[in-house]
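Results of the structural survey
Chain residues, written in single-letter form:
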Amino acid sequence: MKSVLIAGYGVVGKEIHSRFFKNAEIYDPFLGYEDLRDYYDCCVVCVPTELVENGLDTTQVEDVINKVNAKYYLIKSTVPIGFCDKFSNVIFSPEFSGATPNSKNIDDNFTILGATNKIQRQFFSDLYYENLSNMLHKLYFTTNTEAELLKLTENAYLGYIVTFATEIKKIAEHYDVDYNIVSQLLKLDKRMPQSHIHVFENQYSYDSHCLNKDIPELAKKSNLFSYIIEYNESKKG
């Protein structure tokens, strides 16, 4: 069995540990996990990438790559588009689990991997299926760049839904219509968003850690997302 290290033992690291790699070692100096072997077949990187002035801060991801000796680094942390292709042995895999209740309600019986050649695809297929108890779990292979964009797109879309729902609630209030009824009826159409359309009383903005830090990455290339950020900030109390 391949040796696996999980670097970063927060919400995502614990999810990866419990669902996929139960025999993995843990590395997280902030929590007292400091021991490292000389070599690992795969290091799964789950450390934070916080928002700084010029975008997502990948310092902790790079620190892990520089400190841990591994054949492959599987990045679960959200990173800027193009980051993983700076390295020859770094694979991006968007993570959809999180701390919020909505993140527990998705069908995530799949893993997306930015593995582009046969050797990489064989390695990660072997890695997952030798650890999985659910052999129906699906692996989808793509490029790192496509996977990185996918992850940022997901969070940007959720932020868009919150902004859209807030505007519809304002219109509902203008016509003295109960928005809660409208939103529940809207869900009957399966083409419509099934989450993030409930608007809480006196809360007309998103304030999610992931959305707050990830949407600005796409706003660098899109005025739409810049507007969503400005709108959201204007609605915060």
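Scroll up for the structure.
Our subject in this report is the structure included herewith. (Residues numbered from 1 in each chain as written. Predicted model: local features only at pLDDT ≥ 70, side-chain atom pairs only at ≥ 80, totals over all residues. Heavy atoms only, no water.)

Moving on, we get to helix α6 (residues 209–219). The periodicity of an α-helix, 3.6 residues per turn, causes residues three or four places apart in sequence to face the same way. Among all positions in α6, only L211, K213, D214, I215, E217, L218 and A219 are buried. Considering only its buried residues, α6 is in contact with β4 (51–52), β5 (55–56), α4 (144–174) and α7 (223–235). Of the residues that open α6, the one with a side-chain oxygen 3.3 Å from the backbone nitrogen of C210 is S208. (Buried < 20%, exposed > 50% of the residue type's maximum accessible area, 1.4 Å probe, protein only. Helix = DSSP H or I, 4+ residues; strand = E, 2+ residues; numbered from the N terminus. Contact = heavy atoms within 4.5 Å. Polar contact = N/O pair within 3.5 Å; in protein donor to acceptor, adjacent residues only side chain to side chain.)

As a further point, take the sheet that holds strand β7 (residues 90–92). With parallel pairing, 5 strands are arranged side by side in an open sheet as β2-β1-β3-β6-β7. Both outer strands of the open sheet, β2 (25–27) and β7, are each paired with one neighbouring strand and no more. In this sheet, neighbouring strand axes are inclined to one another by 25° on average, regardless of whether the strands run parallel or antiparallel. Taken together, the 3 bridges between strand β1 (residues 4–7) and β2 define a ladder with parallel strand orientation. Bridged to A7 within β2 is Y27. Lying on the sheet, helix α3 (residues 118–129) is in contact with β1, β3 (40–45), β6 (70–75) and β7; it crosses β6 at an angle near 80°. (Pairing = 2+ DSSP bridges. Axes fitted to C-alpha atoms, helices over the stretch in contact; angles between N-to-C directions.)

The next subject is the environment of A7. Locating A7 in the fold gives a position in strand β1. Residue A7 is classed as buried on the basis of its relative accessible area, which comes to 1%. Linking A7 and F96, residues 89 residues apart in sequence, is a C-alpha distance of 18 Å. Discounting chain neighbours no more than four positions away, the residues touching A7 are Y27, C43, V44, V45, C46, V47 and V64.

Here we take up the packing of aromatic side chains. Scanning the entire structure with this criterion turns up 13 aromatic pairs. Residues Y157 and Y160 carry aromatic rings whose centres are separated by 6.4 Å and whose planes lie at 25° to one another, so their mutual orientation is stacked. Highlighted residues: Y157 and Y160, both in helix α4, separated by 3 residues, approximately one helical turn. According to the relative accessible area criterion, Y157 is partly exposed, its value standing at 43%. Y160 sits in the partly exposed class, given a relative accessible area of 36%. Ring plane angle 45° and centroid distance 6.0 Å describe the contact between Y227 and Y231, whose orientation is recorded as tilted. Taken together, the positions of Y227 and Y231, both in helix α7 and 4 residues apart, correspond to about one turn of that helix. Here the basic side chain of K2 rests over the ring of F123, its NZ or CZ set 5.4 Å away from the ring centre. (Phe/Tyr/Trp six-rings, centres within 6.5 Å; stacked < 30°, edge-to-face > 60°. Lys NZ or Arg CZ within 6 Å of the ring centre and 35° of its normal.)

Remember, this is a structural readout, not a statement about activity or role.
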